[in-house]
Each structure stands twice: as C-alpha cells, then as structure tokens.
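Here is how the chains run, residue by residue.
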Amino acid sequence: MMKNDMKYKLICFDLDGTIIDETIFIWQTLHDALGSDKKKRKQYAEDFVNKKITYRQWAEHDLELWREVGATRTKMIQATDGLRLMPGALETLNELKRLKEKAKEEGNCLKLAIISGSLNIALEKVLPNYKDYFDDVYINHLIFDGKDGENLAGIRSTTFDFENKADALKEIAARENILLSECVFIGDHDNDIHVAEIAGLSIAFNCKSERLAQIADVVVEKKDLREILKYIL
Ligand SMILES: [Mg+2]
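Everything numeric here is computed off the predicted structure, so don't read it as measured data.

Visitor: For this particular structure, what's the right way to read the overall build of the chain?
Guide: Each helix and strand in the chain was counted, giving ten helices and nine strands. A globule of 233 residues ought to have a C-alpha radius of gyration of about 17 Å, and the chain, at 18 Å, matches this closely. By principal-axis analysis of the C-alpha atoms, the chain measures approximately 60 × 40 × 35 Å. Out of the 233 residues in the chain, the part that is buried amounts to 52%. Sequence separation of at least 24 residues holds for 62% of the intrachain contacts in the chain that already meet a minimum separation of 6. Surface exposure of the chain reaches about 11300 Å², of which carbon and sulfur atoms provide 49%.

Visitor: In this structure, what is going on with the layout of surface pockets? I would like to understand it.
Guide: Using a probe with the size of a water molecule, rolled over the atoms, empty space left in the structure can be pinpointed. Of the volumes computed, that of the largest pocket is approximately 720 Å³. Phe-48, Tyr-55, Trp-58, Asp-161 and Phe-162 are the residues nearest the centre of the largest pocket, which is lined by 32 residues in total. Looking at the lining of the largest pocket, the elements with two or more residues in it are α1 (26–34), α2 (38–49), α3 (55–68) and β4 (111–119). If one sorts the elements of the lining of the largest pocket by residue count, α2 sits on top with five residues.

Visitor: How should unusual backbone geometry be read in this particular structure?
Guide: Glycine aside, residues mostly have negative phi, and peptide bonds are mostly found in the trans state. A positive phi is found at Phe-162, a non-glycine position, where the angle reads about 50°. Here Phe-162 is to be found in the loop between β6 (151–156) and α7 (165–176). We classify Phe-162 as partly exposed; its relative accessible area is 23%. For Asn-177, which is not glycine, the phi dihedral falls at a positive 60°. Take Asn-177: it is sitting in the loop between α7 and β7 (183–187).

Visitor: Is there a simple way to explain the sheet that holds strand β8 (residues 201–205) in this structure?
Guide: Backbone hydrogen bonds hold the strands of a sheet together, and the pairing may be parallel or antiparallel. Reading across the sheet, the seven strands line up as β6-β5-β4-β1-β7-β8-β9 and stay open at both edges, with mixed pairing between neighbours. On the outer flanks of this sheet lie β6 and β9 (218–220), each paired with one strand and no other. Adjacent strand axes in the sheet meet at a mean angle of 25°, parallel and antiparallel pairs treated alike. Summarising the sheet, strand β1 (residues 10–13) and β4 pair through four bridges and their orientation is parallel.

Visitor: Even after reading the chapter, I still don't get the environment of Met-76, so can you show me in this structure?
Guide: With respect to the helices and strands, the residue Met-76 is situated in helix α4 (residues 73–78). By relative accessible area, Met-76 is classed as buried at 0%. Measuring from C-alpha to C-alpha, the distance between Met-76 and Leu-30 comes to 7.3 Å, with 46 residues separating the pair along the chain. Residues contacting Met-76, with those up to four places away along its chain left out, are Leu-30, Leu-34, Trp-66, Ala-71, Ile-121, Leu-142, Phe-144 and Leu-152.

Visitor: Looking at this structure, I do not really get the coordination of the magnesium ion. What am I missing?
Guide: Six octahedrally arranged donors around a metal ideally form angles of 90 or 180 degrees; four tetrahedrally arranged donors ideally form angles of 109.5 degrees. The protein atoms donating to the magnesium ion are Asp-14 (OD), Asp-16 (O) and Asp-188 (OD), with metal-donor distances spanning 2.1 to 2.2 Å. In the primary sequence, the donor residues of the magnesium ion line up as D-x1-D-x171-D. With respect to class, Asp-14 is no different from Asp-16; both count as buried.

Visitor: Hey, could you run me through the nonpolar core in this one?
Guide: Nonpolar side chains in soluble globular proteins generally cluster together in the buried interior. Among the nonpolar cores identified, the biggest contains 52 residues, and Ile-11, Phe-13, Trp-66, Met-76, Phe-134, Leu-142 and Ile-232 are the most heavily contacted of them. Considering each element in turn, this core owes the most residues, five residues, to helix α5 (residues 89–105). With residues up to four places along the chain from it excluded, the contact list for Ile-11 reads Leu-96, Leu-110, Lys-111, Leu-112, Ala-113, Val-184, Ile-186 and Ile-232. Residues Ile-115, Ala-166, Ala-168 and Ala-173 belong to the second largest nonpolar core, which totals 16 residues.

Visitor: I would appreciate a short explanation of the packing of aromatic side chains in the present structure.
Guide: Between two aromatic rings, the relevant description is the distance of the centres plus the angle of the planes. Tallied over the entire structure, the rule returns nine aromatic pairs. Taking the centre distance of 5.4 Å and the plane angle of 20° together, the rings of Trp-27 and Trp-66 count as stacked. Pair noted here: Trp-27 is in helix α1 and Trp-66 is in helix α3, with a separation of 39 residues, a long-range link. Considered together, Trp-27 and Trp-66 belong to a single accessibility category, that of buried residues. Between the aromatic rings of Trp-58 and Phe-162, the centroid separation amounts to 6.2 Å while the plane-to-plane angle is 40°, which identifies the pairing as tilted. Placement of the pair is Trp-58 in helix α3 and Phe-162 in the loop between β6 and α7, with a sequence separation of 104 residues. Take Trp-58: its relative accessible area is 18%, and that puts it in the buried class.

Rules used in this analysis
- Residues numbered from 1 in each chain as written.
- Predicted model: local features only at pLDDT ≥ 70, side-chain atom pairs only at ≥ 80, totals over all residues.
- Heavy atoms only, no water.
- Helix = DSSP H or I, 4+ residues; strand = E, 2+ residues; numbered from the N terminus.
- Rg over C-alpha atoms; globule rule 2.2 N^0.38 Å.
- Buried < 20%, exposed > 50% of the residue type's maximum accessible area, 1.4 Å probe, protein only.
- Contact = heavy atoms within 4.5 Å.
- Areas by Shrake-Rupley, 256 points an atom, 1.4 Å probe, with all protein chains shown as cover.
- 1 Å grid on protein atoms, 1.4 Å probe; cavity = no way out; pocket = protein on both sides within 12 Å on 5 of 7 lines; lining within 4 Å.
- Points joined across faces, edges and corners; volume = space filled by probe spheres on them.
- Pairing = 2+ DSSP bridges.
- Axes fitted to C-alpha atoms, helices over the stretch in contact; angles between N-to-C directions.
- Donors = N, O, S within 2.8 Å, 3.2 Å for Na, K, Ca; no water.
- Core = buried A, V, L, I, M, F, W, Y, C linked by side-chain atoms within 4.5 Å.
- Phe/Tyr/Trp six-rings, centres within 6.5 Å; stacked < 30°, edge-to-face > 60°.

As structure tokens, this is what we get:
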C-alpha cells in the first residue's frame, strides 16, 4: 500500500461566503428577497445571540416570518437566483475530488465535508450535484409539502452552526479515524471561529471577521478559492 502523500485527510468547508458567493448569510438574503418583517427578524437574531431562544426556535421563527409574506417553494427558490459559486470553487472541488478518488485507489482516506448554517436550497442552486463531491453535508433543510409541494412546512435544522460547528468536525473525524490535526476548515465569518480553532489547518477566506482572521493559520486575501489548494496539498 502506498503512503498517503497528503498531510490532511478531512477538508471541511463553510458555505455562505465561502463556497456560495453573492451572500454573506443566506437567511439574510432570503429575508431581503422575500421582504419579511425587519423589526421581528432583528429581534429574533438578538434573542438568539442573548441565548433567550435556541437555534431551532430562531429557525422556526424565521420560517414563520417567511410564511407571513407568502413564501412558497417557488418563491424561495427564486430568491436564491442571485447566488453564485465562489470564483475558483468548481476547479477547487474538482481537484479535491480527483485527489479523493486517487487516495481511495491507493487505500488511503480523504474526505470532503460541508459544515454550515446555510440552507439546502442555496446549495442545490449553486451546486446541484454536491453529493458527487461531499461525503458529509451538515446544513439546514427546508421541508415543503402540500399537493403541489409548495407549502413551507418546516425545517430540519442543523445542530452544528456557530460554536457547534466544532462538534461536527469532531464527529466526522472520530467516525473516520482522522486526527483533528489532519483536518482543514475553510470559512469566512464569526460563526467559523470555534471550528477554526480546533482544525489542524484553518483558512480564513473572503473573510469578514476580524477575530477569525486573527486565529486562522492562513488568511487568503484573493477572492479565488483555488488559492487554498497550495496550503492543503
Ligand atoms: Mg459563511
């Protein structure tokens, strides 16, 4: 068996602002597109920050605001129209996928994952075949029902946003027998700080968080995801 020439065995990405461009937080982008109540959504965000409500309750409240403005599946998908893949993302993911297949042939391990508070409809918009790339995807899933599938029925909310993103990384690493020192995390904002702190290599990309830039091992300034490859390979 050949020795794995890759130092890292698990590469984890944030979505909004990292793989998905033209948004900082998809929740905010959808609120703006759908025109939901600004005062209430600000209140819910504050309540979450102040730990008055849980993440799940915050998500449920936001869904309620979208229902108030008549959100349907079609309208919500239309609201994702402006989203784009980050420059260089497809090339980067294709290269990592190639390396993953090569590692597998050689009896080695390389895993790709998403740990994000984004929504499935955003990921499906920019990268419909995301399952071809990622072994694990931790995100929020909207549930639609009704006879035309248009009714916004609920959400399967992630338990791994903000400080809990670190738990998702630990969970995947433990399951796959990978050391945290062999894990890479790439993110852009405050909710990536905890997970960046525990990953063997943390990369701040397209970064909007002063704190994340401070604690990250690498800060990539150029807005081209291919820039991360030289640090990983
Ligand atoms: Mg982000």
